Amino acid sequence: MTAPFDPLVPRPIDRPADVPLTPLTDEQLVALDEAKIFAAPADPADRPAWRENLRRWREDSRRRHGYTGEAYERPGAAWAARCHTVAQVWLWDELLYSFAEHKFTPEVFLADARERFGGLDAVVLWHAYPVIGLDDRNQWDYYRDVPGLAELVKALHDAGLHVFVDYNPWDVGTRRGADDLSELAALVEDFEADGVFLDTLKKAEPGFVERLEAARPGIVLEGESKLPVERIADHTASWAQFFADSPVPGVLRAHWYERRHMQHHVRRWHRDHSEELQSAWLNGVGVMVWEVVFGVWVGWSARDAATVRRMVTVQRAAGDLLLGGEWTPLAELTDGAEAAGVYASSWELDGVTLWTLVNRGDTDYTGEVLPAGPGKVLDLLGGVPARGIGAVLHLADGTPEPAWLPELADALTSAPHDAHSRFPHRIAQRVSPQRTNGTPAADAVTVPAGPYVLTVRYQARETGMYQGAPYVDEWKPLPPRLHDARTLQRDGSLATSVAVAATEVTNAQFAEFLTATGYRPACAHRFLAHWIDGVPGNPDEPVTFVDLDDARAYCAWRGGRLPTEDEWQLVGETGGLRRGAPAVWNWTESEHSDGRTRFVMLKGGSDYRAEGSEWYVEGGRHAPDVSVKLLLPGLGLARAATVGFRCAWEVTA
């Protein structure tokens, strides 16, 4: 009988692979190709044999796969080996984009990253998912139709960062243009992207790699999760997502195979990142900072952010040791350190040895870590705090201090450990609706004041719904906890009766508003994009290509406002709402922001549905009790062919 799925427990595919301690057979050598992490032995006496078998596997696997390392010799790709921090950034993160000023604010985003994480080496500009599917725009449109995106990329480059774009191979049901490879190659070339994140793909095929390399020599491809060992040859990075470690920290298979292959550890739904940070530190690799996960706040604690800052400060200074030094995983420590749960890797080059230390225990360790011996020992980080990291530099007799040491020591004075591990919660606050002073439309349907209880139906998506992450501390979200139908209860009270228009505002009505008021949006991109020379093609269809501000301005002109999500549903469940043709989603006055992400609830559904992938916004017409959480993009991208609105009025008499 199959055990029930437990989302809080790593799946077998996520768990570290045991390494036999006896001489490896040919079958065992091939089997180790499939590891994510090589599990480490608990007994120190077993570790020499373990390390020897790791070395034997690497030699054998490289021989079997004809490994040459040519991809890592490309000058344009050399940066990836020292890319220790990469941030996945929603393009409309409110640190990166100002909705009030309608512009990108990379200086704000980068200042925050410097203060908390010690700065970033690269960013992934995450752009389309989970908004894509609202209308027929494809993943390329969500990059190419962004005013100022090229300037944003340049600003990030000027700040010393590298920029990844994101490829969604599952986007098969939206507007079709050229084939994906042609579109991606052109995008990389036009925006001067440094790398491509492969969403849901462990690897790209060889022809794919060659085409992108021709478009942008030195392009870095970063596969998701476990990169097949034979493709380490042409993928210089991978994001180590959902990699569970052994109790005694193990070794990352891809980085052990090729030291220049950069991996970025991430457990995106976890609120305690100490284990993956420690794994990254002992393996000499990087981390992915991902705080806004598809619109959900999963912020990093002060402790974990400080750990990243301390890590990257040392890694950037001692990069030559990490790349070219003799790496000894689970290097020998004192008995006291071992007993306290302290583990280390050592990296030796020309008489200089860096010891990267982690403390798996819950008590700070300040005792001796290195066995007594000749040479000079420098404690760079001041002990090894609980659930934290330490670093020791050993200089062999007669070896001068590295030239980078004084600058590193100075930098570390402003990178102390922070013991505060509490999750930095954010509450999404609803934008207050404007008051109304007008007369309801003649066909408006009124619901009375007073308390109410509603059942809301929705599809479980990675966006979550109102507050909090949908998969807290879970490993990879899978069905039946992903894309399944769910319900929740909402209760509240209407202070006054509310009348909601039975029909959506039409093109003709919106044209009347423009004539009467001369309204022009602050950002006009995509405004009424379906009109020709300012004239609607069909005056009786619901007006679309309007965003929340446009809809609010019209409603205010009518002495009303948008209905809240609950008001829309209360009226809809009376049967009094009529749908225009074609059917379109309706904006509601249920806009929220937690200071990093804005979202709004849509009601009604539309006649458009993107087919072919479960990752799209769910299209089609929906009953009044169905709500969809839509992340709000800026610069006019919220204006869609499938979203209109209707007005509401508070009834006080």
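Residues numbered from 1 in each chain as written. Predicted model: local features only at pLDDT ≥ 70, side-chain atom pairs only at ≥ 80, totals over all residues. Heavy atoms only, no water.

Student: Can you walk me through the environment of aspartate 594 in this structure?
Tutor: One can find aspartate 594 in the loop between β26 (591-593) and β27 (598-603). C-alpha separation for the pair aspartate 594 and threonine 496, spaced 98 residues apart in sequence, amounts to 28 Å. Not counting residues within four places of it along the chain, the set of residues in contact with aspartate 594 comprises Trp297, Arg426, Ile427 and Ala428. A polar contact is formed between the side chain of aspartate 594 and the backbone nitrogen of arginine 596, at a distance of 2.8 Å. Among the polar contacts listed, one links the side chain of aspartate 594 to the backbone nitrogen of threonine 597, at a separation of 2.8 Å. (Helix = DSSP H or I, 4+ residues; strand = E, 2+ residues; numbered from the N terminus. Contact = heavy atoms within 4.5 Å. Polar contact = N/O pair within 3.5 Å; in protein donor to acceptor, adjacent residues only side chain to side chain.)

Student: Got a minute to help me understand the packing of helix α14 (residues 507-517) against helix α15 (residues 548-557) in this structure?
Tutor: To describe two helices that pack against each other, one gives the angle between their axes and the distance between the axes. Interaxial distance between α14 and α15 falls to 11 Å at its minimum, and their mutual angle equals 75°. With respect to α15, the element α14 is oriented roughly perpendicular. Together, Gln509, Phe510, Glu512, Phe513, Ala516 and Thr517 of α14 and Asp550, Ala553, Tyr554 and Trp557 of α15 make up the contact between the two elements. (Axes fitted to C-alpha atoms, helices over the stretch in contact; angles between N-to-C directions. Parallel < 35°, antiparallel > 145°, perpendicular 65-115°, else oblique.)

Student: What's the story with helix α9 (residues 274-283) in this structure? I'm lost.
Tutor: Given 3.6 residues per turn, any residue in an α-helix points the same way as the ones three and four places further on. When you tally the buried positions in α9, you get nine out of 10 residues, the bulk of the element. Three or more residues of α9 are buried, namely Ser274, Glu276, Leu277, Gln278, Ser279, Ala280, Trp281, Leu282 and Asn283. Phi turns positive, to about 70°, at glycine 284, one or two residues after α9. (Buried < 20%, exposed > 50% of the residue type's maximum accessible area, 1.4 Å probe, protein only.)

Student: Explain the state of the cysteines here, please?
Tutor: In protein structure, a disulfide is the covalent linkage between the sulfur atoms of two cysteines. The tally for this structure, following the rule as stated, stands at zero disulfides. The thiol sulfur of cysteine 523 is not disulfide-bonded, and the nearest other cysteine sulfur, from cysteine 555, lies at 20 Å. (Disulfide = S-S within 2.5 Å.)

Student: When you look at the UniProt feature "domain: Sulfatase-modifying factor enzyme-like" (unreviewed entry) in the chain in this model, what are you seeing that I'm missing?
Tutor: Look at the UniProt record and you will see "domain: Sulfatase-modifying factor enzyme-like" (unreviewed entry) annotated at residues 496-570. Note that residues 496-570 is 36% helix and 5% strand, and that its end C-alpha atoms are spaced 14 Å apart. (UniProt positions renumbered as here; feature names shortened; annotations may be inferred.)

Student: Sorry if this is basic, but what is going on with the pattern of salt bridges here?
Tutor: Pairing between side chains becomes possible if they bear opposite charge and their charged atoms approach one another. Tallying each qualifying case throughout the model produces 54 salt bridges. Linking arginine 526 and aspartate 145 is a salt bridge whose minimum nitrogen-to-oxygen distance equals 3.2 Å. Within this pair, whereas arginine 526 is found in the loop between α14 and α15, its partner aspartate 145 is found in the loop between α4 (141-144) and α5 (149-158), the two being separated by 381 residues in sequence. For the salt bridge of glutamate 291 with arginine 596, the shortest nitrogen-to-oxygen distance reads 3.3 Å. Placement of the pair is glutamate 291 in the loop between β12 (286-289) and β13 (292-293) and arginine 596 in the loop between β26 and β27, with a sequence separation of 305 residues. Overall, the relative accessible area of 5% leaves glutamate 291 in the buried class. A relative accessible area of 5% means that arginine 596 is categorised as buried. Salt bridges linked by common partners bring Glu94, Asp549, Arg552, Glu589, Glu591 and Arg598 together as one network. (Salt bridge = Lys/Arg side-chain N within 4 Å of Asp/Glu carboxyl O.)

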